[in-house]
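# Chain and residue survey
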Amino acid sequence: MQPLVEVRDLHFRYDDGTAALDGVNFRLFPGETVAVFGANGSGKTTFVLHLNGLLTGDGDVSVCGMRLEARNLSLVRQKVGLVFQDSDNQLFMPTVIEDVAFGPLNLGLGRDEAQARASAALEEVGMAHASGKAPYHLSAGEKKRVAIAGILAMRPEILVLDEPTTSLDPPGQMALLELLERLPQAKILVTHDIECARILANRAVFFEKGRIAGEGPVDEVIARFGWDRAAPKRPATSRF
């Protein structure tokens, strides 16, 4: 099976000389959800920002069979939808429907088709009732759903989610996990939330000092790196 994402020997340094990635190799296959664990500063977010060209390092990154380079950057960005940790970084239009339609309009779609895509995406995430609201009137969980709708309206094949459960209360977390479990796209899930990973992910990778130090089934990776001791225990959560 051809991977949707293939990363080979990826290195990256920030302008101040900080080495953030040191030879990362990674594959994501259709239908997979991969959890990305690691301490703050280990390279997780830097890594995922390379997947749609927001950062560019040394090495090879291919998405849906296309090598990530300037000439096909716009096509790659249609394939990879990035949902930021802070939804306020993605919501900036006066109303929810305008926010969700913004991406399709930027693809060159007509206003009617963009609105139709936006309405369908809001329906999919359970936020159609809020289409006329201002995003700043929404709860944190509602903002997250609208941010995801804005990505879904672009019809990506891959979703990259950076700490999706951060700032959500328990009901909001559960509603979000139910939504993400329903979505058919392959997913990369950057998270410290081990229960979220256990519910959604098929496997996990663990970042350490800019490298993937280990990978495998979620619980094996959690045990190997003592990640269940990195946060307070929570009651076990059953799958939906």
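What comes next concerns the included structure. Note that the structure is predicted; figures quoted are calculated from it, not measured.

What counts, and where the lines are drawn
- Residues numbered from 1 in each chain as written.
- Predicted model: local features only at pLDDT ≥ 70, side-chain atom pairs only at ≥ 80, totals over all residues.
- Heavy atoms only, no water.
- Helix = DSSP H or I, 4+ residues; strand = E, 2+ residues; numbered from the N terminus.
- Expected span 1.5 Å × (residues − 1).
- Buried < 20%, exposed > 50% of the residue type's maximum accessible area, 1.4 Å probe, protein only.
- Contact = heavy atoms within 4.5 Å.
- Phe/Tyr/Trp six-rings, centres within 6.5 Å; stacked < 30°, edge-to-face > 60°.

## A closer look at helix H5 (residues 140–152)
The terminal C-alpha atoms of H5, which comprises 13 residues, lie 18 Å apart, in line with the 18 Å expected from a rise of 1.5 Å per residue. Of all 13 residues making up H5, 10 are buried, and the element is well covered by its neighbours. Residues of H5 that are buried include every one of Lys143, Lys144, Arg145, Val146, Ala147, Ile148, Ala149, Gly150, Ile151 and Leu152, and no others. Buried-residue contacts for H5 involve strand S6 (80–83), helix H3 (96–106), helix H4 (111–124), strand S7 (158–162) and helix H6 (170–182).

## Some words on the packing of aromatic side chains
This model, assessed by the stated rule, comprises six aromatic pairs. Summarising the aromatic geometry, the rings of Phe12 and Tyr14 are spaced 4.8 Å apart at their centres and angled 90° between planes, so their arrangement reads as edge-to-face. On the basis of relative accessible area, Phe12 is assigned to the buried category, the value being 11%. Residue classification places Tyr14 among the partly exposed positions, given a relative accessible area of 33%.

All we've got here are geometric facts, nothing functional implied.
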